[in-house]
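Chain by chain, the residues run as shown.
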Amino acid sequence: MPYQQYIKTISYPLSLLSTPVWLFDVGNLRVLWANQAGLDLWNAPDLAELQGRDMSDGMTRTVCERLGQYCEDLSGTSNSVAEHWTFYPMGRSCSYECSISAIEAPDDARWLLINAIRQDKLSDSDTLYRSVALLHTSVCVSVFDRQGRLMYSNPAARRMLGADVLTLSERFLDEKDWQLAHDTLTHGAGASIEAQMKTAKGPVWHSLTLELCPDPVSGKKSILMSEIDISNQHNAQQLVNRLAYTDTLTGLPNRTSWLSTLNDRLDSARQERRELAILFVDLDRFKLINDTLGHSLGDKLLVAVSDRLKGCLDASDYLARLGGDEFTLLIDEQGAAGRSERMARDLVEALAKPMRVDGHAMTMTPSIGICLFPQHAEDSTLLMQQADMAMYAAKEAGGGYRTFKPDMTTQIRRRLRIETDLREAIDSGSLQVYFQPKLAAADGRMAGMEALVRWEHPLLGWVPPEDFIAVAEETGMIGDITRQVLHHSMLQQTLWSAQGHDIPVAINVSPMEFRRGDFDSVVRDALQLTNCRPQSIELEITESMLMADSESVQQILAGLTSLGVRLSIDDFGSGYSNLGYLQKFPLDSIKIDRSFLDDGGISPVVELIIDVARTLSLTVVAEGVETTEQRNFLIAHGCDQLQGFLFSKPMDKHRATDFLLEHDNGIAHWSSHAVSAEWAVQRRREELAENP
């Protein structure tokens, strides 16, 4: 054969050397030829026996890689490298200084010519250096036999293990890690893994390298293991992972973790034909609470909410916080569709129970959107979009929960159009200020006007204020709207005063204005620009804003009072209903929330509010008056001002001016005495009917 002829050609002169020489096929890990001294080194009876040996038996992965590297780094016979090698022929170890050269072999084969120049003794300097390095290194080095019994450990390994003598498998805290290492070694490869190992100090994370190699003494196959303590690195990595996948405020999984888990669960659900349900949870009016009561309290409220939500979960449920006041819940079980609505009801009920946060007893109403796999969508992006749509549908319905329906797309598009076009309406001055009269309960004369913002969209028509005001507060556009309403209202009051109608104008103020810290300056600038008398302006603020009771809020209220404007509590009784702040803050009036004047009868709370306000010398305004029965009741119980559709709906400035003229001419006045007598007679008739 050509190979044999080629080997014979290059081996003839080498056979005359007295030092061991052999030719090695790196690709097949076989000896191709050796001189007599080489046969003696390998303890081989003849060349044929040596050629038949599988040299890979007991050869470590590191040695194999090193041999391959020689073939790449060395070319021909012009370059060679000298290294110290230890051989284990037939179980007997011997050490040599070797010269290694690459040979140009036929058909691009990879051959190495190895010449063992001189044999090293155990006492030579290289052996001494190696021994010292093994004794003093901080790397733990151990040798185990194939059954895992400890054969040797260097000082670092003995200090790490202490008095315990454990087999290799017993060293692993997690049996899966040992099984991985064992399987890899069984297939003849080295193993490099990170695992928790038993040590004298307890479980510690180690970086391990395991290889099969001959035992230096017996020559039998053994396992060489080196290990390094990586606890600090592992803990740091765990911290990085926590920060990357965990919401730092609530401890829940964050958006990144949610999306990864959702996609994994979807893959599993597709294979197993299993249902999934996504619940998208958004807290109603949380931004308002956050802006009025402060971000610190808002964060504590989010933690309390997350605890309430976690209390409703089963073991297989997956809850995450996407950010802000948005939470997502994944129900992963067969029958998830049926359980999703029960879960939504549980979440609503859990959040309705008061939560104690910094001395405040707070309840939350969530808006929850439900989307199902595979009924509504089959990929994570579409599922999230449709759950979001269902959540917005629930929010527009006043809270609670909604399951996705295809027609919800139209509602969401409408909201997006409102958000997009509202900015243009603000910039172009398309928003209008309407006015609704407030009448004196005593005689029906004009007591003032309330300014209300209105928007007629070119395509959507009249957009309800609750729709676009909510969007404005969420997007930060409310400040620009407030400034426009202040300017137009004050300018109109100035014009009415010039015409002889010097009546006060009330203006609603979003609580978010007080978070800016300069709202009193904004009002001052508007008064100066319109030349409006401060005493003719009444600012209606919410209970939640006063409940913040922060230093900045107190400063703004003091600044407004110093300007001379009046302050009123809007929708009193609908929020926290804490009567303590009625004395604490410089208030002039309170407005009873319209919910106390419903068709089912007038709430007895109305009488209480009127009595308290009268004791504190506050003017009481009742809004939402729509029937003469409501009017008569309020007059009889001493309410000061009335407002509602019974008298007039909100009007543009021209119709509002006409209304002023009519009332100044005595139209629609009434006698409080006559009304009180009429109400008393009617009430007596009702009592007689109930108790004849």
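Anyway, here's the lowdown on the structure attached to this text. Values in this document were obtained by computation on a predicted structure and should not be read as measured data.

Some details on the packing of aromatic side chains
Working step 1: One pass over the full model with this rule turns up seven aromatic pairs.
Working step 2: The interplanar angle of 65° and the centroid separation of 5.0 Å between the aromatic rings of Phe435 and Trp496 together place this pair among those described as edge-to-face. One end of the pair, Phe435, is in strand S18 (residues 432-440); the other, Trp496, is in helix H17 (residues 478-498), with 61 residues separating them in the sequence. Trp496 carries the same exposure label as Phe435, and that label is buried.
Working step 3: Here the aromatic rings of Trp455 and Phe468 are separated by 5.7 Å at their centres, their planes lie at 85°, and the arrangement is edge-to-face. In this pair, Trp455 is assigned in strand S19 (residues 446-457) and Phe468 in helix H16 (residues 465-475), connecting sequence segments 13 residues apart. For the residue pair Trp455 and Phe468, the accessibility class agrees, reading buried in each case.
Working step 4: Residue placement shows Lys649 over the ring face of Phe645; its charged tip is 5.4 Å from the ring centre.

Re the sheet that holds strand S8 (residues 191-199)
Working step 1: Spatially, five strands are ordered S7-S6-S10-S9-S8 in an open sheet, and the strand pairing comes out antiparallel. The outermost strands of the open sheet, each flanked by one partner alone, are strand S7 (150-153) and S8. Each neighbouring strand pair of the sheet contributes to a mean axis angle of 30°, computed without reference to strand direction.
Working step 2: Looking at chain direction, S8 and strand S9 (residues 202-214) are connected through nine bridges and run antiparallel. The residue bridging Ile193 from the neighbouring strand is Leu208, located in S9.

Notes on unusual backbone geometry
Working step 1: In this model, Phe373 is joined to Pro374 through a cis peptide bond whose omega is 5°.
Working step 2: As for its placement among the helices and strands, Pro374 is situated in the loop between strand S16 (366-373) and helix H14 (380-396).
Working step 3: Of note, Asn531 is a non-glycine position whose phi angle comes to about 60°, a positive value.
Working step 4: By secondary structure assignment, the location of Asn531 is in the loop between helix H19 (519-530) and strand S22 (537-541).
Working step 5: On the basis of relative accessible area, Asn531 is assigned to the exposed category, the value being 64%.

Some points on the sheet that holds strand S13 (residues 326-332)
Working step 1: Across the sheet, five strands lie side by side as S12-S13-S11-S16-S17; this open sheet has mixed pairing. Among the strands making up the open sheet, the edge pair consists of strand S12 (318-323) and strand S17 (400-403). Averaged over all adjacent pairs, the angle separating strand axes in this sheet is 20°, with direction ignored.
Working step 2: Across eight bridges, the pairing between strand S11 (residues 276-283) and S16 is antiparallel. When the sheet's bridge partners are listed, Asp282 is paired in S16 with Ser367.
Working step 3: Each of S11, S13, S16 and S17 touches helix H13 (residues 336-352); the most contacted strand, S16, lies at about 170° to it.

Some points on the side chain of Thr199
Working step 1: Residue position: Thr199 is located in strand S8.
Working step 2: Only 3.1 Å separates the side chain of Thr199 from the backbone nitrogen of Lys201, close enough to count as a polar contact.
Working step 3: Among the polar contacts listed, one links the side chain of Thr199 to the backbone oxygen of Gly202, at a separation of 2.6 Å.
Working step 4: Setting aside anything within four residues of it in sequence, one finds Thr199 in contact with Met160, Val204 and His206.

Describing the pairing of S17
Looking along a regular strand, one sees side chains alternate from face to face of the sheet.
Working step 1: Note: S16 against S17, four bridges, orientation parallel. Residue pairing across strands places Gly369 opposite Arg402, the latter belonging to S17.
Working step 2: One crossover worth recording links S16 to the parallel S17 by way of H14, and it is left-handed.

A few points about the side chain of Ser510
Working step 1: Here Ser510 is to be found in the loop between strand S21 (505-508) and helix H18 (513-516).
Working step 2: In this structure the side chain of Ser510 is engaged in a polar contact, spanning 3.1 Å, whose partner is the side chain of Glu473.
Working step 3: Here Ser510 is in contact with Glu473 and Ile478, once residues within four sequence places are set aside.

Considerations on the pattern of salt bridges
Working step 1: Taken as a whole and assessed by the stated rule, the structure comprises 30 salt bridges.
Working step 2: Across the pair Arg339 and Glu333 runs a salt bridge, and its minimum N-O distance is 3.5 Å.
Working step 3: Residue Arg339 is classed as buried on the basis of its relative accessible area, which comes to 10%.
Working step 4: Its relative accessible area of 24% is what places Glu333 among the partly exposed residues.
Working step 5: The salt bridge involving Glu623 is made with Arg594; its shortest N-O contact spans 3.7 Å. Note that Glu623 is positioned in the loop between strand S27 (619-622) and helix H24 (628-636) and Arg594 in the loop between strand S24 (589-592) and strand S25 (597-598), a separation of 29 residues in sequence.
Working step 6: Given the relative accessible area of 7%, Glu623 is considered buried.
Working step 7: What emerges from the salt-bridge pattern is a single network uniting Arg265, Glu272, Arg274 and Asp332.

Let's talk about a nonpolar patch on the surface
Working step 1: Where nonpolar side chains cluster on the molecular surface, the patch consists of Leu134, Met151 and Tyr152 and spans about 260 Å² of accessible area.
Working step 2: Assignment of secondary structure puts Leu134 in helix H5 (residues 125-136).

Concerning the nonpolar core
Working step 1: Leu422, Phe514, Phe519, Val523, Leu539 and Leu560 are the most contacted members of the largest nonpolar core, which has 75 residues in total.
Working step 2: Looking at which element gives the most residues to this core, the answer is H17, with six residues.
Working step 3: When neighbours within four sequence positions are excluded, Leu560 is seen to be in contact with Phe514, Phe519, Asp520, Val523, Leu539, Val565 and Leu567.
Working step 4: Counting residues in each nonpolar core, the second largest holds 31 residues, with Leu279, Leu302, Val305 and Phe327 among its members.

Remarks on the packing of helix H15 (residues 408-428) against H17
Working step 1: Contact geometry of H15 with H17 gives a least axis separation of 10 Å together with a crossing angle of 35°. Like other packed secondary-structure pairs, H15 and H17 cross with a definite hand, here left-handed. The segment H15 lies against H17, with Leu422, Arg423 and Ile426 engaging Asp480, Ile481 and Gln484.
Working step 2: Of the residues assigned to the contact of H15 with H17, the class counts are three nonpolar, one polar and two charged.

Calculation notes
Residues numbered from 1 in each chain as written. Predicted model: local features only at pLDDT ≥ 70, side-chain atom pairs only at ≥ 80, totals over all residues. Heavy atoms only, no water. Phe/Tyr/Trp six-rings, centres within 6.5 Å; stacked < 30°, edge-to-face > 60°. Helix = DSSP H or I, 4+ residues; strand = E, 2+ residues; numbered from the N terminus. Buried < 20%, exposed > 50% of the residue type's maximum accessible area, 1.4 Å probe, protein only. Lys NZ or Arg CZ within 6 Å of the ring centre and 35° of its normal. Pairing = 2+ DSSP bridges. Axes fitted to C-alpha atoms, helices over the stretch in contact; angles between N-to-C directions. Contact = heavy atoms within 4.5 Å. Polar contact = N/O pair within 3.5 Å; in protein donor to acceptor, adjacent residues only side chain to side chain. Right-handed = clockwise from strand over helix to strand, strands pointing away. Salt bridge = Lys/Arg side-chain N within 4 Å of Asp/Glu carboxyl O. Patch = residues over 30% accessible without salt bridge, like charges linked within 9 Å, V, L, I, M, F, W, Y side chains within 5 Å. Areas by Shrake-Rupley, 256 points an atom, 1.4 Å probe, with all protein chains shown as cover. Core = buried A, V, L, I, M, F, W, Y, C linked by side-chain atoms within 4.5 Å. Left-handed = near helix turned anticlockwise from the far one by under 90°. Nonpolar A, V, L, I, M, F, W, Y, C, P; charged D, E, K, R; others polar.

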